[in-house]
Amino acid sequence: MKRIKIFLKTLSLNIYYYLWIILLFSCATLFFDIKLALVELAIFILLAITHNWAKYRKKSKLLKYIKNMNIELSDAVFQTLSDFYIPVSIIKCDGFVEWTNKSFSDLCGQEFLYNLPLSDIIPEFDINKFKAKQNNNEKIRYEVKHGGRIYNLFGDIISPSSSQSEDNYYIVLYWHDNTDYDNLKNKYYSEQFVSCVLVIDNYDDVMQGTPNTDKPQLTAFMEEALDTVAHDADGILIKYEKDRFFMYIQKEHLDKMIANSFAFTEKFKTILCGNKVAPTLSIGIGTDGQSLQENENNAFSALDMALGRGGDQVVIKDNEQYHFYGGKTKEVEKRTRVKSRVVSQAIREIIMSSEQIMIMGHRYADVDVLGSAIGLHSIIRSLNKKAKILIDTYNQTVERFLDKYYQDYNDVIINKAYANEYITPDTLLFVVDTQKISMVEEPALLDVSKKIIVIDHHRKSTDFIKDTLITYHEPYASSASELITEMLQYVDDAELKKSEAEAMYAGIFMDTKNFTFKTGVRTFEAASYLKRRGVDTIEVKKLFQINLNTFVKKWAIIENASTYKNKVAIATCIKNDDDMQTIVAQAADELLNITDISSSFVVCDMGDKIIVSARSFGDINVQLIAEKLGGGGHMTIAGAQLTDTTIDEVVAKLKNAIDEYLN
């Protein structure tokens, strides 16, 4: 059967083959019989004409069929688009309407739209967005709000086949009404539950100064104020400790609280019933989680951030970042040192179980990094353990100290290269005077060590070091040196050299600006302890001396200063000294000595970056302003570093940040 099919297929050759065969026989027959040859030639011509005529008729019928079919399809497509329930419009490249269907006419409330600018009919429509997509060969997708409805525009750009110009094209747009879906999405968003954790962060201090007879009523007033907040937000308030509450509200009410900047937190401070100290609230809010549990975890993380930044503020944590509100009140000093004693004992046990120990601070180390690192080293030495201190970049004050006591710390202080070789996963790594990953001397060490302890006094930032064994963070403290000094007092037979005591005293001296800023009772207690251990205050003062050339440069910056908003001093400068950061900081300090100036900012072009040094008496929180520039710090001392910008641009950003804060 298969062979028969192959044979028949072989016979079914193209007719042209048979015609050529007949022509060949006709030519051969000429040599034998001319008449027969002419007959064969006539048959050849007849068959050729007949075949070509039949082929022409078949092609004509096919073309006619295709043409009729295209016309019918075009009519069908046109009729479908005209009756299509989705509004459709075709506009020319100049934005004028070429054609619309009935649904689009109903959308516009106008029947005759031909040759009118679409932007005149729908002002929200912008033709320029589509021209940009035409240049990038992108598909059209665009949202337009018109007549109280929301439309998703999608379509394409087509060019007529007869057109030879790239600028001659049409835009086909489908206007999909997305209003109901958008309303449903907004309803879903607004009805999501938000977890809040509220803490009266100075509860003990408030109660301590309140007469016993007034305490129950004061407590009732504070709880009633919080209950009113929950009631106004259609939420639920649950008290789980004397000073801590859970609150669950919907997202739409959180948005209202954000809109009025959590005004109830300021009203809460006005509660008065025999108390001498105004109560303040710290609130952590978790939102946008996949579950209530995730929101609750976010809320506790936000609360830790709020308390770590000094309290009296609201922090919102979603799945992407933290958002801060408030935080204009000075930190309240904790008079008890129970936490210091507990932390000291825990750190002691970890040190005793570690074979390798390393200490590092922030880049461009100041004397507080040096003092806290050396003080911590003395604790480790007293426990018969050895440690290395990583200090690779530092200012002139640190340089003077190291030059003076080089022999004592030659084998203790190391650079980055040695630190990267020394570090192992089992190395106990102390980070002092910073908690920011981006600020440490060598961030790579954080990825290696599995045993990290952070000791810091700066207000908590979003870039904090996570997964630590211990984070000893006290934002009320003057300096890291103060915290280490307190820990030293709980170490039996602590060995503290005179030079080490002076380094720690210098750290406190510098961060308090000669015991002026952020100075509490415990600060003086720490300084007193160090004085008893042999501190020579004159020697400490000499560490901060500057030469005449540096002195002149500092006052040149001050001379360049100008006032902003009548109470802010702003000065600019360009790097002209190796220790420019110290000069800038000192200039910012000196500017506060000007009458009526409550905060100062010095902006300096360092070549590869722009630095901002900020100082304040406390009535203006310079930390919040510095954070808007990507920096951070304390309420009274803060700073920022910016790259890929100019000094004029930074000053403009700074003024905007100040305006936002003051408003």
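Residues numbered from 1 in each chain as written. Predicted model: local features only at pLDDT ≥ 70, side-chain atom pairs only at ≥ 80, totals over all residues. Heavy atoms only, no water.

**Observations concerning the packing of helix H14 (residues 367–382) against helix H15 (residues 396–404)**
- Remark: H14 packs on H15, axes separated minimally by 8 Å, with the N-to-C direction vectors making an angle of 40 degrees. The pairing of H14 with H15 is recorded here as oblique in orientation. In this structure, H14 contributes Val 367, Leu 370 and Ile 374 to the contact, and H15 contributes Thr 397, Val 398, Phe 401 and Leu 402. (Axes fitted to C-alpha atoms, helices over the stretch in contact; angles between N-to-C directions. Helix = DSSP H or I, 4+ residues; strand = E, 2+ residues; numbered from the N terminus. Parallel < 35°, antiparallel > 145°, perpendicular 65-115°, else oblique. Contact = heavy atoms within 4.5 Å.)

**As for the pattern of salt bridges**
- For the structure shown, the criterion picks out 23 salt bridges.
- Within this structure, Arg 149, Asp 177 and Asp 180 form a network of salt bridges that share partners. (Salt bridge = Lys/Arg side-chain N within 4 Å of Asp/Glu carboxyl O.)

**Quick look at empty space enclosed by the protein**
- Summed over the entire model, instances satisfying the criterion amount to two cavities of 30 Å³ or more.
- Reported here for the largest cavity is a volume of approximately 60 Å³.
- Taken together, Ser 344, Gln 345, Ile 347, Arg 348, Ile 351, Ile 379, Met 487, Tyr 490 and Val 491 form the lining of the largest cavity.
- Residue contributions to the lining of the largest cavity peak at five residues, all from helix H13 (residues 338–352).
- Its residues placed into classes, the lining of the largest cavity shows six nonpolar, two polar and one charged.
- Volume-wise, the second largest cavity comes out at about 50 Å³. (1 Å grid on protein atoms, 1.4 Å probe; cavity = no way out; pocket = protein on both sides within 12 Å on 5 of 7 lines; lining within 4 Å. Points joined across faces, edges and corners; volume = space filled by probe spheres on them. Nonpolar A, V, L, I, M, F, W, Y, C, P; charged D, E, K, R; others polar.)

**A word on the environment of Asn 576**
- Residue position: Asn 576 is located in the loop between strand S19 (568–574) and helix H24 (580–591).
- It is 8.6 Å that separates the C-alpha atoms of Asn 576 and Met 606, two residues lying 30 residues apart in sequence.

**Observations regarding the packing of aromatic side chains**
- What the rule picks out here adds up to 15 aromatic pairs.
- Ring geometry for Phe 246 against Phe 300: centres 5.8 Å apart, planes inclined by 85 degrees, an arrangement best described as edge-to-face. Of this pair, Phe 246 sits in strand S8 (residues 244–250) while Phe 300 sits in helix H12 (residues 292–308), and the two are 54 residues apart along the sequence.
- Given a relative accessible area of 29%, Phe 300 falls into the partly exposed group.
- One aromatic cluster is present, formed by Tyr 505, Phe 509, Phe 515, Phe 524 and Phe 544 through successive ring pairs. (Phe/Tyr/Trp six-rings, centres within 6.5 Å; stacked < 30°, edge-to-face > 60°. Buried < 20%, exposed > 50% of the residue type's maximum accessible area, 1.4 Å probe, protein only.)

**A word on the pairing of strand S12 (residues 357–360)**
- Burial along S12 is two-sided: the residues Ile 357 and Ile 359 and Met 358 and Met 360 are all buried.
- In the sheet, S12 pairs with strand S15 (residues 428–432) via four bridges, with the strands oriented parallel. Bridge pairing links Ile 359 to Phe 430 in S15.
- Both S12 and strand S13 (residues 388–390) contribute to a ladder of three bridges, which runs parallel. Its bridge partner being in S13, Ile 359 is matched across the sheet by Ile 389.
- The β-α-β motif built from S12, the intervening H14 and the parallel element S13 has right-handed crossover chirality. (Pairing = 2+ DSSP bridges. Right-handed = clockwise from strand over helix to strand, strands pointing away.)

**Notes on the pairing of S8**
- Sheet topology note: the strand S6 (residues 193–200)/S8 ladder contains seven bridges and is antiparallel. Bridge pairing in S8 places Cys 196 opposite Met 247.
- One ladder, built from five bridges, connects strand S7 (residues 236–241) with S8; its direction is antiparallel. Bridged to Ile 236 within S8 is Tyr 248.
- Hairpin remark: S7 followed by S8, antiparallel, with two residues in the connecting loop.

**Focus on the packing of H14 against helix H19 (residues 480–488)**
- The N-to-C vectors of H14 and H19 enclose an angle of 15 degrees; their axes lie 8 Å apart at closest approach. Accordingly, the angle class assigned to the pair H14 and H19 is roughly parallel. Along this stretch, H14 crosses H19, giving a crossing that reads as left-handed. Contact with H14, carried on its side by Asp 368, Gly 371, Ser 372, Gly 375, Leu 376, Ser 378 and Ile 379, involves Ala 480, Ser 481, Ile 484, Met 487 and Leu 488 of H19 and no other residues of that element. (Left-handed = near helix turned anticlockwise from the far one by under 90°.)

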